[in-house]
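Residues per chain are reported as follows:
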Amino acid sequence: MTFASIMVAMDLTTEARDRVRLAGHLADEFRARLIGVAAETPAYAVPPVGPTPASAYALTASNETVLNDLRQAHAAFEEAAGNRSRVEWRSNIELPLPFLVAQAAAADLVVVGRKTEPGTMLFSVDPGDLVMRLGQPVLVVPPEVDHLDAKRVAVGWKDTREARRAVWDALPFLKRASQVVVISVDDGDGAADPQDIVGLLQVHDVYATSVRKDACGSAASEALVDAASEQAADLLVAGAYGHGRLREWAFGGVTRDLLAYAPICCLMSH
């Protein structure tokens, strides 16, 4: 199992350039093609009623501004991608999330930023929205990270559909890792039994062990990240929104916290 095509969401931030470098290194490791994607909504998306010259001029000027932004994003992508031969670029004046979801049919893995930086709202793709709609693994990269070895990988385990999906989607990483640790967090309701998933990974020739972490009154997400850090992992694999996104939005949850605060890369599936 491998990633043959890796897609990365692009904008005009420094973090996006780092993200492309990271995705490029992964493309080298997996001998995959690299696809950069950017879309921007016109700032003047709804013209005034009536075919007035002023509205037509405003639309033209707005579209030219967007096209200029997309040209800058393309140039930044090419610079960060380097001299790799298997590189593609896709962009359009369109809502960013639907455009990225549509283009992702050409990729095995989609790489996005952990959060939207100020000033990039017209480019922005919310990683939570993306992971819910995509049906593919999403690699969420925190700021100031431009490389991912993924030699030591942590798996956040609960016996849910989303967690099983995430483990399956992460197999290309897991099979290349030198150490995989399955982490079960006891948040007061007991820790999930990792025996079966560890056994399954071993059948797939993945050397995996397990640890249990007590939340001890802290958030389950904090306990999970702490346990991953104790194992020196630079990649955390987790199912997304196992309790439903609306509930996490209202009451908090592991997915929401990881997308907002995780200091290491997270591979997430729903």
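Just above sits the structure.
Just so you know, these numbers come straight off a predicted model, no measurement behind them.

Undergrad: Would you explain helix α8 (residues 220-230) in this entry?
TA: Helical periodicity: at 3.6 residues per turn, an α-helix aligns residues three or four positions apart in one direction. Listed in full, the buried residues belonging to α8 are Ala220, Ser221, Ala223, Leu224, Val225, Ala227 and Ala228. Packing partners of the buried residues in α8 comprise β6 (152-156), β7 (179-186), β8 (208-214), β9 (235-239) and α10 (254-261). Count one or two residues on from α8 and you reach Ala232, which has phi positive near 60°.

Undergrad: I would appreciate a short explanation of the environment of Trp168 in the present structure.
TA: Within the element layout of this structure, Trp168 appears in helix α5 (residues 161-169). When the C-alpha positions of Trp168 and Leu201 are compared, they lie 9.4 Å apart, and in sequence the two are 33 residues distant. Discounting chain neighbours no more than four positions away, the residues touching Trp168 are Met1 and His204.

Undergrad: Is there a simple way to explain the packing of α8 against α10 in this structure?
TA: The contact between α8 and α10 brings their axes to 8 Å, and the two run at 55°. Classified by the angle their axes make, α8 and α10 are oblique. Relative to α10, α8 is oriented so that their crossing is right-handed. Along its contact with α8, which presents Ala220, Ser221, Leu224 and Val225, the element α10 presents Val254, Asp257 and Leu258. Class assignment for the residues of the contact of α8 with α10 results in 5 nonpolar, 1 polar and 1 charged.

Undergrad: Help me out: how do you make sense of the packing of helix α3 (residues 96-103) against helix α4 (residues 127-134) in this one?
TA: Geometrically, a packed helix pair is captured by the angle between its two axes and the distance between the axes. Axis separation between α3 and α4 bottoms out at 10 Å; the angle between their running directions is 40°. Put simply, α3 runs oblique to α4. Crossing handedness for the pair α3 and α4: right-handed. Of α4, the residues touching α3 (which contributes Leu97, Pro98, Leu100 and Val101) are Asp129, Leu130, Arg133 and Leu134.

About the cut-offs
- Residues numbered from 1 in each chain as written.
- Predicted model: local features only at pLDDT ≥ 70, side-chain atom pairs only at ≥ 80, totals over all residues.
- Heavy atoms only, no water.
- Buried < 20%, exposed > 50% of the residue type's maximum accessible area, 1.4 Å probe, protein only.
- Helix = DSSP H or I, 4+ residues; strand = E, 2+ residues; numbered from the N terminus.
- Contact = heavy atoms within 4.5 Å.
- Axes fitted to C-alpha atoms, helices over the stretch in contact; angles between N-to-C directions.
- Parallel < 35°, antiparallel > 145°, perpendicular 65-115°, else oblique.
- Left-handed = near helix turned anticlockwise from the far one by under 90°.
- Nonpolar A, V, L, I, M, F, W, Y, C, P; charged D, E, K, R; others polar.

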